[in-house]
Amino acid sequence: MQRLINWLIGWPEQVAVHLTWLAPLFARITVGWVFLWSGWGKLNNLPQVTENFIGWGIPFPHFFTPLTSGIEFFGGLFLLLGLLTRVSAGALGITMIVAIRSAKWADVDSLETLLGFDEFEYLALFLWLAIAGPGVISLDHLLLQLTRRPGQPARKAS
């Protein structure tokens with residue numbers, strides 16, 4: 001039994017340890033690219049997006065439309081770079097919660113429906129990035145390394 005457990009759990013863990021840099025990089029590129037272009041599209045079509053916000057009942061749509069569009073564009077850009085990753089992922093996560101509540105909530109008839117929304121899947125990735133961090137292939141990691149004081153122990157890779 002021990003041999004089976006080591007083969008099914010221990011060996012994959014030993015392999016995964018060498019690839020811990022890949023998951024946050026892949027997640028950041030995936031959602032960063034999507035939201036960079038989503039935000040760009042909204043920034044270039046603010047009147048229509050404002051009308052959508054009005055239809056969804058979002059308060060102060062003339063304020064929140066450019067704010068949300070900017071969060072998507074710059075949040076996506078920052079995620080691609082691995083810069084301000086936790087802040088960007090948190091802000092984008094909030095936009096996904098608002099999107100679900102305002103534009104999708106009427107369609108929720110079960111947990112399965114809620115979990116099937118693209119917005120919920122993005123929310124899960126943003127939550128993971130906000131907690132796990134950008135990984136070692138990121139500007140955040142580089143900036144932390146560059147600002148480390150002499151004699152201060154190196155920070156654990158995030």
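Predicted model, so just to flag it, every value in this text is computed and none were measured.

1. Section: the nonpolar core
So, point 1. Listed in full, the 10 residues of the largest apolar core are Ala 27, Val 31, Phe 35, Leu 79, Ala 89, Leu 92, Met 96, Leu 123, Phe 126 and Leu 129.
So, point 2. Elements supplying a minimum of two residues to this core: helix H2 (22-43), helix H5 (85-104) and helix H7 (118-132).
So, point 3. If we skip the residues at most four places from it in the chain, Leu 92 touches Phe 35, Ile 71, Glu 72, Gly 75, Gly 76, Leu 79 and Phe 126.

2. A short note on the pattern of salt bridges
So, point 1. Scanning all chains against the criterion turns up two salt bridges.
So, point 2. With its nearest N and O atoms 2.8 Å apart, the salt bridge here joins Glu 72 to Lys 42. Of this pair, Glu 72 sits in helix H4 (residues 61-81) while Lys 42 sits in helix H2, and the two are 30 residues apart along the sequence.

3. As for the environment of Arg 101
So, point 1. Among the secondary structure elements, Arg 101 is positioned in helix H5.
So, point 2. For Arg 101, a relative accessible area of 53% gives the class exposed.
So, point 3. When the C-alpha positions of Arg 101 and Phe 120 are compared, they lie 11 Å apart, and in sequence the two are 19 residues distant.

4. Section: H4
So, point 1. Between its first and last C-alpha atoms H4 spans 29 Å; for 21 residues at 1.5 Å apiece the expected length is 30 Å, and the two agree.
So, point 2. Taken residue by residue, H4 has Pro 61, Thr 65, Thr 68, Ser 69, Gly 70, Glu 72, Phe 73, Gly 75, Gly 76 and Leu 79 as its buried positions.
So, point 3. Packing partners of the buried residues in H4 comprise H2, helix H3 (46-55), H5 and H7.
So, point 4. Count one or two residues on from H4 and you reach Gly 82, which has phi positive near 70 degrees.

5. A look at unusual backbone geometry
So, point 1. For Phe 60, which is not glycine, the phi dihedral falls at a positive 50 degrees.
So, point 2. Position of Phe 60 among the secondary structure elements: in the loop between H3 and H4.
So, point 3. In this structure, Leu 84 is a non-glycine residue whose phi angle is positive, near 55 degrees.
So, point 4. Inspection of the secondary structure puts Leu 84 in the loop between H4 and H5.

6. A few points about the packing of aromatic side chains
So, point 1. Considering all chains together, one arrives at eight aromatic pairs under this definition.
So, point 2. Centroid distance Phe 35 to Phe 126: 5.2 Å. Interplanar angle 65 degrees. Geometry classified as edge-to-face. Of this pair, Phe 35 sits in helix H2 while Phe 126 sits in helix H7, and the two are 91 residues apart along the sequence. Here Phe 35 matches Phe 126 in class, with each residue buried.
So, point 3. Plain terms: the ring middles of Trp 40 and Phe 73 are 5.6 Å apart, the flat faces sit at 40 degrees to each other, and that makes the pair tilted. Taken together, the residues span a long stretch of sequence, with Trp 40 in helix H2 and Phe 73 in helix H4 at a distance of 33 residues.

7. A few points about the side chain of Thr 65
So, point 1. By the secondary structure assignment, Thr 65 is in helix H4.
So, point 2. Taking the relative accessible area as the measure of exposure, Thr 65 reaches 0% and is therefore buried.
So, point 3. A distance of 3.4 Å separates the side chain of Thr 65 from the side chain of Thr 50, its partner in a polar contact.
So, point 4. The contacts of Thr 65, once residues within four sequence positions are left out, are Leu 46, Val 49, Thr 50 and Phe 53.

8. What to know about the packing of H4 against H5
So, point 1. Between H4 and H5, whose axes approach to 9 Å, the crossing angle comes to 145 degrees. Our pair here, H4 against H5, has a crossing hand that is left-handed. Here Thr 68, Ile 71, Glu 72, Gly 75, Gly 76, Phe 78 and Leu 79 of H4 come into contact with H5, specifically with Thr 85, Ser 88, Ala 89, Ala 91, Leu 92 and Thr 95.
So, point 2. The residue makeup of the contact of H4 with H5, split by class, is six nonpolar, six polar and one charged.

Conventions and cut-offs
Residues numbered from 1 in each chain as written. Predicted model: local features only at pLDDT ≥ 70, side-chain atom pairs only at ≥ 80, totals over all residues. Heavy atoms only, no water. Core = buried A, V, L, I, M, F, W, Y, C linked by side-chain atoms within 4.5 Å. Buried < 20%, exposed > 50% of the residue type's maximum accessible area, 1.4 Å probe, protein only. Helix = DSSP H or I, 4+ residues; strand = E, 2+ residues; numbered from the N terminus. Contact = heavy atoms within 4.5 Å. Salt bridge = Lys/Arg side-chain N within 4 Å of Asp/Glu carboxyl O. Expected span 1.5 Å × (residues − 1). Phe/Tyr/Trp six-rings, centres within 6.5 Å; stacked < 30°, edge-to-face > 60°. Polar contact = N/O pair within 3.5 Å; in protein donor to acceptor, adjacent residues only side chain to side chain. Axes fitted to C-alpha atoms, helices over the stretch in contact; angles between N-to-C directions. Left-handed = near helix turned anticlockwise from the far one by under 90°. Nonpolar A, V, L, I, M, F, W, Y, C, P; charged D, E, K, R; others polar.

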